[in-house]
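Residue-level structure breakdown
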Amino acid sequence: PSNRWLFMLGNNGTGKTHLAHAILKRIGGIYKEFDDISCELLDAQAKGEGAIGEIISKYSNTKMLVIDEIDKVKNTDGRIRWLNVILRKRYNNLLPLIILGNIDVNTLCKNIDIQGNNAIRDRIAEVGLILNFNWNSYRNKTRGDIAKTL
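A quick note: this is a predicted structure, and the numbers were derived from the prediction, not measured.

Take helix 5 (residues 105-112) next. Among the residues of helix 5, V105, L108, C109 and I112 are the ones counted as buried. Each buried residue of helix 5 lies within a common arc of 95 degrees when the element is viewed along its axis, so the set occupies one face. Capping of helix 5 at its N-terminal end is provided by D104; its side-chain oxygen lies 3.1 Å from the backbone amide nitrogen of N106.

Rendered as structure tokens:
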């Protein structure tokens, strides 16, 4: 639905990324790890303000945006500011968003709310759904099953 944000947060190997890809396959959109978005923006910064605006617009206006590895956000002012701009624009444009990470919601809000005024927390309370993936990783089981078939 429009203007809904889904946060899939928790342990490694619990299916967050797999589920997000299934959603994107069904409805379309963009999947990116946040470090890749940051790299695009850093490259665009060298080209000038217009290039940065194009990248921000791409992620702010796509039908669905999935940002993975949000816990890997390097806590630099520029990267966090860019993320906040993208999130604010998606919120204002009533566009859905999925955020994935191996982090809890309190730490997430602390890391990305650069002004400390709880803007992200308020938006999560209004339009967000938090799913906690707090079970054990499936990767070892999957790897074991694959090894048995080889």
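Attention now goes to the packing of helix 2 (residues 34-47) against helix 3 (residues 49-61). Orientation of helix 2 relative to helix 3, taken along the N-to-C sense of each, is 155 degrees, at an axis distance of 7 Å. In terms of orientation, helix 2 lies roughly antiparallel with respect to helix 3. Only A51, I52, I55, I56, K58 and Y59 of helix 3 make contact with helix 2, whose side of the interface consists of I37, E40, L41, A44, Q45 and K47.

Turning our eyes to something else, we now look at unusual backbone geometry. A negative phi holds for most residues other than glycine; trans holds for most peptide bonds. The backbone of E69 sits at a positive phi, close to 55 degrees, despite the residue not being glycine. Summarising the element assignment, E69 is placed in the loop between strand 3 (65-68) and helix 4 (77-92). Residue E69 is classed as partly exposed on the basis of its relative accessible area, which comes to 22%. Residues other than glycine seldom take positive phi values, yet L94 does so here, at roughly 60 degrees. Among the structural elements, L94 can be located in the loop between helix 4 and strand 4 (97-101).

Another point: the environment of Y31. Inspection of the secondary structure assignment puts Y31 in strand 2 (residues 30-33). For Y31, a relative accessible area of 23% corresponds to the partly exposed category. Y31 sits 36 residues away from I67 along the chain, and the two C-alpha atoms are 6.2 Å apart. Other than its neighbours up to four places away in sequence, Y31 contacts T17, H21, L24, V66, D68 and L100. In this structure the side chain of Y31 is engaged in a polar contact, spanning 2.6 Å, whose partner is the side chain of D68.

Let's shift gears to the side chain of R90. Position of R90 among the secondary structure elements: in helix 4. A polar atom in the side chain of R90 sits 3.0 Å from the backbone oxygen of Y59. There is a polar contact of 2.4 Å between the side chain of R90 and the backbone oxygen of P96. Once residues within four sequence positions are removed from consideration, R90 is found in contact with Y59, S60, N61, T62, K63, M64, L65, L95, P96 and L97.

So, on to the sheet that holds strand 4. Two modes of strand pairing occur in sheets, parallel and antiparallel, and in both the strands are linked by backbone hydrogen bonds. Taken together, five strands build an open sheet; the order of strands is 2-3-4-1-5 and the sheet is parallel. A strand with exactly one partner marks an edge of an open sheet, and here the two such strands are strand 2 and strand 5 (128-133). Taken over all neighbouring pairs, the strand axes of this sheet differ in orientation by 15 degrees on average, direction set aside. Note that strand 2 and strand 3 share four bridges and pair parallel.

Let's shift gears to helix 6 (residues 119-127). Among the residues of helix 6, I120, R123, I124 and V127 are the ones counted as buried. Viewed along the axis of helix 6, the buried residues span an arc of 100 degrees, placing them on a single side of the element. For helix 6, exposure combined with an orientation more than 90 degrees from the buried face picks out D122 and A125.

Membership of the largest hydrophobic core comes to 33 residues, with the highest contact counts inside it found for I67, I70 and L87. Mapped onto this core, the elements with two or more residues apiece are strand 1 (5-10), helix 2, helix 3, strand 3, helix 4, strand 4, helix 5 and helix 6. Setting aside anything within four residues of it in sequence, one finds L87 in contact with W5, L97, I99, I112 and I120.

Conventions used here
Residues numbered from 1 in each chain as written. Predicted model: local features only at pLDDT ≥ 70, side-chain atom pairs only at ≥ 80, totals over all residues. Heavy atoms only, no water. Buried < 20%, exposed > 50% of the residue type's maximum accessible area, 1.4 Å probe, protein only. Helix = DSSP H or I, 4+ residues; strand = E, 2+ residues; numbered from the N terminus. Arc of directions from axis to C-beta. Polar contact = N/O pair within 3.5 Å; in protein donor to acceptor, adjacent residues only side chain to side chain. Axes fitted to C-alpha atoms, helices over the stretch in contact; angles between N-to-C directions. Parallel < 35°, antiparallel > 145°, perpendicular 65-115°, else oblique. Contact = heavy atoms within 4.5 Å. Pairing = 2+ DSSP bridges. Core = buried A, V, L, I, M, F, W, Y, C linked by side-chain atoms within 4.5 Å.

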